[in-house]
Amino acid sequence: MSTVVVFALLGVGTGALYGALAAGIIVAYRGSGVVNFAVGAMAMFTAIVFAELRTSGDLLLPVVMIPDRWSLGDPMPTLPAAVLALAVGTALSATIYRFVIRPMRFSPKVTMVVATVGITIVLQALAVRSFGSQAVRTPSLLPRGTIEVLGSTVPVDRFYVVAIVLLIAVVARFVETKTIFGLATRAAFLNEKGAILLGFDPNRLGLLNWLIGSTIGGVVGILATSLGGINPFSFSLFVVPALGAALAGRLTSIPIAVVAGIAIGAFEAVAVHIVARRWVPDFFLGGITQLVPFTVIVLAIALLGRTLPDRSVLVEQANTTAVRDRFRPALWWPVIGLAMFGVLSSDATIRFATLQSAFVLVLVSSIVVLTGFAGQVSLAQLSFAGFSAFMLSRLDSALPFPLAPAAAVALTVVVGTLLGLPALRVRGVQFAVVTFAVAVVFDELLFRSPSFVGTTGIATVESPTLFGIDLGIAGTDPFPSRRFGVLVVITVTIVMLGVHVLRSGPIGRRFAAVRANERAAAAGGISVTRTKLLAAALSSGLAGIAGVIFAYKAQTLTGAGLDAQEGLELLALAYLGGIGSLAGAVIAAALAPSGVVAVVIFGGGSSITQFLLTGLGLIVVAVALPDGLAGIGRSIRRRVGDAIGRPVEVDETRDAHPWTHRPSVATRSGDETTGLGGDDPDPAPAISWITADDD
C-alpha cells in the first residue's frame, strides 16, 4: 500500500499540469465559447521557444515565408527566457483569436473544433520544421531535492508544481467571482445580449479570457520542460486528460477541474506501478494509463449529460451544410474512370497513390455520414479502421475471403455502436472529446498490446483469393497488383453509391432531422436514440471497410499511422474537402498524404510541408469556406447575395434521385430546417449540458 501511495505522489506533478491545462480550457471556453483542442499545442510551442532560448539563445517564431529563427546571442537565463517565451505565446494567442476565433463567433461549434484542430496541426508542423521532433528538457526551474515518504524518496519539485497550479485555481476562482471582469465574463457567457446591454464588449472579454487561458498553458509548458521534457507531438496529446478534467468540472469549475487533473495524474502513475508488477492481464500492459482519462470523461458524461435538450440548455448556433445532390452520371463516371486509369497505370507510384486515395475516400465518407449527415463530431474513425484491420489479421486464417473481411467489419460495427452510446447524452464538442479519448486508448492500449497485435508487434494479413484467383496487392502482376486495384475501385464505388442512396432515403432524412433539432425530431415521432446509434453503426461500418482495404494494402500491420494524431489530420482533410457532401470526401481523398495530389505535386509520400499546408488550409476553409472546397460555389453565391443586398437562392435540398419527388431535409448556416413542418422557431441542432443555472 505504501508503494502505491508513493507512485501516486510521483504522478501529482504531471496531474497538476493536466489540471492547469484544464483551467486554461475552461477560461477560454467561458470567454469565447470555444473548446480549445489546441491548448496543448499552444503550450508546446511556448515551451519550445523557452527551451531554445535557454539552450542556444535563438528565438523561434511561429511564422512562414520569413525566417523563423533569430539569434539573440548566448543562452538566456531562466527568467528572461520565460518572459520572452510567454510574450511570444501571448502574441501567438492574440493572433489566433483575431484571425481565427473572432471571425467564427457565430459559426457552428463543429467548425470551431476543427479550426482548433487545424491550429494544432500548424503549430506541430512549425515546431518540427524549426526545432525537430526530438524531446527537449531544460535544467530544473524549481528547487531540487527529495523528501522521504513512507520510506521512499519523492522529488520535491512535484509538490511545487501542485502548489503553483492550486494557486492558479484559487486566483482564477477569485477573479471569476469577485471582480467585475469575472462577473462580466460570466454574464456574457450566459447571455451575450444582456451583457452588451450592460455595456460590456463580448469580443474584448473573449480576447482577454483567451489570452489568460493560453498564458496558463504557456506556464504549464515551461514547467513541463524541466519535469519530463517536451516534444511537438506528445505534449499536444495532454489535451485528452486535460479535457477529461475540464469535463469533470463541467467546463465551469476550475477548482474541480484542477483537482480532477491531479487525480488523473496520480492514477496514471499508479497504473504504471500496476503494469510493472503485472497485476493486470497481459492485454492491458500496452497502455492501461490511457484508460484513466477516458474513464473520467465517460463517467462525467454519464453522470452529467442529458439525453435531450430542454429550454434551460445553451443551444449551439448553426450547423454545417449537409448537401443532397442529384445523381449526376456526368460527374460520377469521370471520377470512376480516373480511378480505373490510376489503378491500371503503368506507373507503380500512380497505382499505389490511387489505392491510398481510395482507402481515404471510404474513411472520410464515414466522417461525412456521422458528422456531415448526423451532426456528431468523431475523432476516432481512423482508430475504428485500425481495429478492423487487426481483426482481419486474426480472422483471415480461420475464415475464407470474403467472410473474413465481412466478419471484421461486423465486429467493428459492434464496437463502434457501443462506443457511440455517449452520443445519446452529449452532442457536438463533448462527443468529439469522447471520441478523441477513444482514439488515444486504441492507439496506446489496443495497437500496442501483444495480446491484440501479436507477440512480435507485427500482424500479417493473407492475400484475398476467390475461386483460386489471387486478388491480393502482391498478385501475379507487378506490385501493386492491377487486379487488386480494380477490386478496390469496384468496392469503393459500391460503398459510395450506398452512401449516396442513404443520404436520399428515409434514413438520411431522419439523420438530417436529428442533426437539425433533436427536440423537433422527437416530437415528430423520430427515435433520436435509434437514429444516433444507427449513424454510429453505419459510420463505423464504413470505417471498418476502409480498415479492410488498409490491411490488404499494407499486408503487415504495426499500428503505425493509426494513432490519434493521424486521426486529427483525417478530420482536417474531411473538413477541408467538405464534410457535408460526397464531393468533399472525393476532394479530401485526393489531398490525402501519399495520395494522388501528393504524388503529382509533392513527388510522392508526405512531408512536413504538406502537413503544414493541410493545417493552414483547414484554418482558411473553417474561417472563410465553412462548406469546404466542395462548397466554394455555394459560398460565392451567398457572398454575392450579401454584397448586392439580395438573397441568392442556393439549391441544397435537391432529391438525390430523379425518380424521387419527396421533400428534402437540409441544414445550412443561418437557415435551419427540420423537415417536420417548416422553420423551427427554437432551433437546437446540438447542445451543451451547461445550463443557465450552472456556476
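Note that this is a predicted model, so its numbers are computed, not measured. Each chain has its residues counted from 1, following the order in which its sequence is written. Residue-level local features of this predicted model are given only where pLDDT is at least 70; pairs of side-chain atoms are given and counted only at 80 or more, and the full residue set underlies all totals for whole chains, interfaces and linings. Computation of side-chain values covers all heavy atoms of the structure but excludes hydrogens and water.

(A) Seen up close, the overall build of the protein. The helix count covers DSSP runs of H or I at least four residues long, the strand count covers runs of E at least two residues long, and both are numbered beginning at the N terminus. Regarding its fold elements, the protein presents 26 helices and 12 strands. Taking all 695 residues of the protein together, 56% fall into the buried category. Two residues qualify as a contact provided that any one of their heavy atoms is within 4.5 Å of a heavy atom in the partner residue. The contacts in the protein between residues at least 6 apart in sequence include a share of 77% that link residues at least 24 apart. Per-residue and other accessible areas follow the Shrake-Rupley method at a 1.4 Å probe size, with only the shown protein chains counted as cover for residues. In the structure as shown, the protein presents an accessible area of about 27,100 Å², 66% of it carried by carbon and sulfur atoms. Working definition: with a 1.4 Å probe on protein chains only, accessible area under 20% of the residue-type maximum means buried, over 50% means exposed, and in between means partly exposed.

(B) The pattern of salt bridges, seen in detail. Each reported salt bridge corresponds to a side-chain nitrogen of Lys or Arg within 4 Å of a carboxyl oxygen of Asp or Glu. Overall, the coordinates contain seven salt bridges when judged by the stated rule. Salt-bridge contacts for Arg158 lead to Asp157; the nearest nitrogen and oxygen are separated by 3.1 Å. Residues Lys532 and Glu518 are paired through a salt bridge, measuring 2.9 Å at the closest nitrogen-oxygen approach. With Lys532 in helix H21 (residues 528–554) and Glu518 in helix H20 (residues 518–523), this residue pair connects regions lying 14 residues apart in the sequence. Taken as a pair, Lys532 and Glu518 share a single burial class, namely buried.

(C) The environment of Leu142, seen in detail. Among the secondary structure elements, Leu142 is positioned in the loop between helix H4 (109–131) and strand E3 (146–149). Take Leu142: its relative accessible area is 13%, and that puts it in the buried class. Sequence-wise, Leu142 and Leu223 are 81 residues apart; in three dimensions their C-alpha atoms are separated by 8.4 Å. The contacts of Leu142, once residues within four sequence positions are left out, are Asp157, Tyr160, Val161, Ile164 and Leu223.

(D) Focus on the confidence of the model for the protein. Residue-level confidence of the predictor is what pLDDT reports, using numbers from 0 through 100. Confidence in the prediction of the protein, expressed as mean pLDDT, is 80, and 82% of residues score 70 or more. Low pLDDT, under 50, characterises residues 307–317; the predicted model gives this stretch 47 contacts beyond four residues in sequence or across chains. Low pLDDT (under 50) marks residues 649–695, which in the prediction has 152 contacts with non-local residues, meaning those over four places away or in another chain.

(E) Broad picture of the packing of aromatic side chains. Working definition: a ring pair exists when centres of Phe, Tyr or Trp rings (six-membered ring for Trp) sit within 6.5 Å. Plane angles under 30 degrees give stacked, over 60 give edge-to-face, the rest tilted. According to the stated counting rule, one finds 11 aromatic pairs in the structure shown. With centroids separated by 5.2 Å and ring planes inclined at 85°, the aromatic side chains of Tyr18 and Phe238 adopt a geometry described as edge-to-face. Of this pair, Tyr18 sits in helix H1 (residues 2–32) while Phe238 sits in the loop between helix H8 (202–227) and helix H9 (239–248), and the two are 220 residues apart along the sequence. When its relative accessible area of 5% is taken as the criterion, Tyr18 is described as buried.

(F) Structural detail: a nonpolar patch on the surface. Each patch is built from residues that are more than 30% exposed by relative accessible area and take part in no salt bridge. Like charges join if they lie within 9 Å; nonpolar side chains (Val, Leu, Ile, Met, Phe, Trp, Tyr) join within 5 Å. Side chains of Val64, Met65, Ile66, Leu613 and Leu616 sit close together on the surface and give an oily, nonpolar patch of about 490 Å² of accessible area. Looking at Val64, the relative accessible area reads 34%, which means it is partly exposed.

(G) Broad picture of H1. A helix is expected to reach a length of 1.5 Å times the quantity of its residues less one. With 31 residues, H1 ought to run about 45 Å at 1.5 Å a step, and its terminal C-alpha atoms sit 44 Å apart, in line with that. Within H1, 23 of the 31 residues are buried, which leaves it mostly tucked inside the rest of the structure. Following H1 by one or two positions, Gly33 adopts a phi angle in the positive range, close to 80°.

(H) Here's a closer look at the side chain of Thr531. Tracing the backbone through its elements, the reader meets Thr531 in helix H21. Overall, the relative accessible area of 5% leaves Thr531 in the buried class. Each residue touching Thr531, except ones within four places of it in the same chain, is listed here: Arg510, Phe511, Val514 and Ile526.

(I) Spotlight on the packing of helix H13 (residues 348–373) against H21. Lines fitted to the C-alpha atoms define the axes, with helices restricted to the stretch that makes contact. Angles between their N-to-C directions range from 0 to 180 degrees. Where H13 contacts H21, the two axes come as close as 7 Å, and the packing angle between them is 170°. The orientation of H13 with respect to H21, classified from their angle, is roughly antiparallel. Relative to H21, H13 is oriented so that their crossing is left-handed. For the pair H13 and H21, contact is made by Phe352, Leu355, Gln356, Phe359, Val362, Leu363, Ser365, Ser366, Val369 and Leu370 and by Ala535, Ala536, Leu538, Ser539, Leu542, Ala543, Ile545, Ala546, Ile549, Phe550 and Lys553, respectively. Residue composition of the contact of H13 with H21, grouped by class: 16 nonpolar, four polar and one charged. Comment on the angle field: the value is read as roughly parallel under 35 degrees, roughly antiparallel over 145, roughly perpendicular from 65 to 115, and oblique elsewhere. Working rule for handedness: look at the near helix, and if it is turned counterclockwise from the far one by less than a right angle, call the crossing left-handed; if clockwise, right-handed. The residue classification treats Ala, Val, Leu, Ile, Met, Phe, Trp, Tyr, Cys and Pro as nonpolar and Asp, Glu, Lys and Arg as charged. All others, Gly included, are polar.

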